[in-house]
Amino acid sequence: MPTLTRLVSLLLFGFMAYVASIYYLALYEVPPNNNHGGMFISLIAAVVGWRFVGARATGSTVRNFTIVVQGVIATYLVSFILFAFYEILTQGYVGRYQTLEEALQGVFGIASEHAIRMSDLEFLTVLLTMAFVITLLVTGVFRFAEARRFDR
C-alpha cells in the first residue's frame, strides 16, 4: 500500500545511491567516462527503499537504522550481482568466457572487485552518514504520518 513513508524512502534511497555512485567513481584509478551505473544503482535503491525500507519503517530510530543499513547492503549486493552478470554477458560475446563455469567464476570475481573497491574507509563513512540521515528523516516522516493518521 502506498504511504508517505514509502515515498520518502524511495526518494531518499535513490538520491543516496546516486550521490554514493559519484563517490564510488572517485575510487577508480581511471574513472569511467559516464555514470550510467549510478543511475542503474539509483533505480535499484529506489525499489529497495519502497519495498524494503519504507514497508518496514517504524517509530523507533534504532530499528529504522538497522533497516536502512540492511537496505544499503541489499542495494549494493543486488547491484554487484547485476553488474557482474552484465559484464560477463558482454565479455562472453568477445570470447573471454568459454564455459558456464568460467562465466560464474567471473561473476564472483567482478562482484568481489567492486566490494573490495568499496571497502575504502572514506566511502564507507559517507555511506554510514547518509544512512543515519535517512534514518532520521524516515523516522520523522513515519511519526508525522502516524500522528496525522491517529488525529483523524
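Before reading further, recall that the structure is shown in the block above.
Residues numbered from 1 in each chain as written. Predicted model: local features only at pLDDT ≥ 70, side-chain atom pairs only at ≥ 80, totals over all residues. Heavy atoms only, no water.

Caption draft 1: Structural detail: the overall build of the chain. The helix and strand inventory of the chain stands at five helices and zero strands. Moving toward the C terminus, one meets the helices and strands of the chain in the order α-α-α-α-α. In terms of overall dimensions, the chain has C-alpha extents of about 65 × 30 × 25 Å along its principal axes. Within the chain, the fraction of its 152 residues that count as buried is 36%. When contacts within the chain are restricted to residue pairs at least 6 apart in sequence, long-range pairs at least 24 apart make up 74% of them. Per element, the accessible surface of the chain, about 9400 Å² overall, is 68% carbon and sulfur. (Helix = DSSP H or I, 4+ residues; strand = E, 2+ residues; numbered from the N terminus. Buried < 20%, exposed > 50% of the residue type's maximum accessible area, 1.4 Å probe, protein only. Contact = heavy atoms within 4.5 Å. Areas by Shrake-Rupley, 256 points an atom, 1.4 Å probe, with all protein chains shown as cover.)

Caption draft 2: Broad picture of the packing of aromatic side chains. Applying the stated criterion across every chain, the model contains five aromatic pairs. Measuring from ring centre to ring centre gives 5.5 Å for Y24 and Y28, while their planes differ by 80°; the resulting arrangement is edge-to-face. A relative accessible area of 11% places Y24 in the buried class. In this structure Y28 comes out as partly exposed when scored by relative accessible area, which is 22%. Its end group placed over the ring of Y28, R117 keeps NZ or CZ at 4.0 Å from the ring centre. (Phe/Tyr/Trp six-rings, centres within 6.5 Å; stacked < 30°, edge-to-face > 60°. Lys NZ or Arg CZ within 6 Å of the ring centre and 35° of its normal.)

Caption draft 3: Main features of the nonpolar core. Ranked by size, the top nonpolar core spans 34 residues in total, and within it F13, Y76 and L127 carry the most contacts. Element by element, the count of residues in this core is highest for helix α5 (residues 121-151), at eight residues. The contact partners of L127, leaving out residues within four places of it in the chain, are M16, A20, V72, Y76 and M118. (Core = buried A, V, L, I, M, F, W, Y, C linked by side-chain atoms within 4.5 Å.)

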